[in-house]
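Each chain, letter by letter, is given below.
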Amino acid sequence: MSSSFSYFCPCPRGLEIALAEELNEIALLDKTLKVHTQVPGGVHCSGSLQDAYRINLHSRIASRVLMRMAHASYTTENDIYDLTLAQAWEDWFEVDHTIRIDVTAIKSPLRSLEFTTLKIKDAICDRFRDIYNRRPSVDTKMPDMRIVGFLDARTFTLYLDTSGEALFKRGWRMETGDAPLRENLAAGLLRTSGWKPGMTLFDPMCGSGTILAEAAQMLAGIPPGLHRDFAFEKFAGFSKAEWAAIKASVKPNPLPTEPTIFGSDISGDMVAMTRNNLNKAGIRFEVPLKQIEAQEVKAPSETPGILLTNPPYGERIGVRGDSTMEADDMAKEFFSAFGTTLKQRFAGWKVFLFTADLGLPKLLRLKEARKTPFFNGALECRLFRFDMVAGFNRREQAIPKTETKQ
């Protein structure tokens, strides 16, 4: 096996720059990881097998770490079968391991992705059958090994997934609200907002606490992959000692003496869920949480900081709303009141709202300083930034007394 591998790290669309930044930070740990091009939906990089271990352990933004097995041009499904058959899969996993094949394509001329998927599976099974007279079984739910094919108009790339379950599954989340934000998206929003450990952070609609847990782990120096398993641990020739050494080299940060991360939610159940999730995420310092309506909140610290939240829509707004009102009216009233609260109580703060509602600034009656497009799965969203200028709400009083209206 070669000592340097090509990797592709997919991520939620919109977070490619943030992921490349993060990978460059991970590269400082050992100097063998090289970060290459960003493409829509991910970042290409290369390095040792241990670099794949490190990215899986430390990356908060990548969805997976895919190791490139082969790359070639193709015209028919048979070309794909031949290329797959030629790979030494037996060097990486056993015939007793279960497999799953996933194929994605952009502008591929092939008629059926399902047929292509079948061809890849057949090639892997045929290779094992030729060597051992047995073949691996397919398990689409919890496979040991995931093989990923990617087709564009002319070329085919074959990857072996080193991660296993998607990396946003950190292993701490036991319970979620109705529409939880994925952990890697929350981490990407934190990075895009410019928040850094030590800065004040407030999420006034924290739901099950994803943004708070990601930030708290960053503050504590707990890598996101510390408490979960990965597919590479089942690779042939996997070195337990090397993996243990990589995990042992993690140095946690000293715990803060004063709280800098704060959260609240309208629902007491959500606050309890957040507390539980923080505990499972290994957070051993105080993250003050309150049950309070978002439009009633006050700045939780003297020092202005970053307010970052994924505001609810529909039912969650209605938890304490007037059930006789139409949902749209309820949302208008809620966001109008929340906008007033931001203007009056959050002078000097940078406010970031992540939402699929592109008309949100109008509802808040605020002008955004910036909007960044992201995708939450297939849903197009925006991260709106509002700069709450000090003295925003004192303009009326600023008119000199001597000036009389004519």
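To start, this report covers the structure provided alongside it. (Residues numbered from 1 in each chain as written. Predicted model: local features only at pLDDT ≥ 70, side-chain atom pairs only at ≥ 80, totals over all residues. Heavy atoms only, no water.)

Concerning the packing of aromatic side chains
The description of an aromatic ring pair rests on the distance of the ring centres and on the angle between the ring planes.
Right, on to step 1. Counted according to the given criterion, the structure contains 20 aromatic pairs.
Right, on to step 2. Ring geometry for Phe202 versus Phe346: centroids 6.1 Å apart, planes at 10°, classification stacked. Of this pair, Phe202 sits in strand S8 (residues 201–203) while Phe346 is found in the loop between helix H9 (327–345) and strand S12 (350–355), placing the two residues 144 residues apart along the sequence.
Right, on to step 3. In this structure Phe346 comes out as buried when scored by relative accessible area, which is 0%.
Right, on to step 4. Ring centres of Phe230 and Trp243 lie 5.8 Å apart, and the angle between their planes is 90°; on these two criteria the pair is classed as edge-to-face. One end of the pair, Phe230, is in the loop between helix H6 (210–220) and helix H7 (240–248); the other, Trp243, is in helix H7, with 13 residues separating them in the sequence. (Phe/Tyr/Trp six-rings, centres within 6.5 Å; stacked < 30°, edge-to-face > 60°. Helix = DSSP H or I, 4+ residues; strand = E, 2+ residues; numbered from the N terminus. Buried < 20%, exposed > 50% of the residue type's maximum accessible area, 1.4 Å probe, protein only.)

As for the layout of surface pockets
Right, on to step 1. Here the largest pocket defines a volume of roughly 1,200 Å³.
Right, on to step 2. Around the largest pocket, the lining comprises 37 residues; the ones closest to its centre are Phe8, Pro10, Cys11, Gly41 and Thr104.
Right, on to step 3. Residue assignment for the lining of the largest pocket shows that the elements contributing at least two residues are strand S1 (5–10), strand S4 (66–73), strand S5 (99–105), strand S6 (145–151), strand S7 (155–161), helix H5 (183–193) and strand S13 (370–376).
Right, on to step 4. Considering each element in turn, the lining of the largest pocket owes the most residues, five residues, to S5.
Right, on to step 5. Class assignment of the residues belonging to the lining of the largest pocket gives a composition of 17 nonpolar, nine polar and 11 charged.
Right, on to step 6. Of the voids in this model, the second largest pocket is the one considered here, and its volume is about 700 Å³. (1 Å grid on protein atoms, 1.4 Å probe; cavity = no way out; pocket = protein on both sides within 12 Å on 5 of 7 lines; lining within 4 Å. Points joined across faces, edges and corners; volume = space filled by probe spheres on them. Nonpolar A, V, L, I, M, F, W, Y, C, P; charged D, E, K, R; others polar.)

Some details on the environment of Arg365
Right, on to step 1. You can see Arg365 is positioned in the loop between helix H10 (360–364) and S13.
Right, on to step 2. Classification of Arg365 as partly exposed rests on a relative accessible area of 49%.
Right, on to step 3. Separated by 182 residues in sequence, Arg365 and Glu183 have C-alpha atoms that sit 30 Å apart.
Right, on to step 4. In this structure Arg365 touches Ser336, Thr340 and Lys343, once residues within four positions along its chain are discounted.
Right, on to step 5. A polar side-chain atom of Arg365 sits 2.5 Å from a polar atom in the side chain of Ser336. (Contact = heavy atoms within 4.5 Å. Polar contact = N/O pair within 3.5 Å; in protein donor to acceptor, adjacent residues only side chain to side chain.)

Regarding the nonpolar core
Right, on to step 1. Formed by 87 residues in total, the largest nonpolar core has its most connected members in Phe93, Ile147 and Leu160.
Right, on to step 2. A total of seven residues in this core trace back to one element, the largest contributor, which is H6.
Right, on to step 3. Ranked by size, the runner-up nonpolar core spans 21 residues in total, among them Val297, Leu307, Leu342 and Leu360. (Core = buried A, V, L, I, M, F, W, Y, C linked by side-chain atoms within 4.5 Å.)

Description of helix H1 (residues 16–27)
Right, on to step 1. Over its 12 residues, H1 extends 16 Å from the first C-alpha to the last, a length consistent with the 16 Å expected when each residue adds 1.5 Å.
Right, on to step 2. Those residues of H1 that sit buried are Glu16, Ala18, Leu19, Ala20, Glu22, Leu23, Ile26 and Ala27.
Right, on to step 3. Buried positions along H1 lie against S1, strand S2 (34–39), strand S3 (42–47), helix H2 (49–58) and H5. (Expected span 1.5 Å × (residues − 1).)

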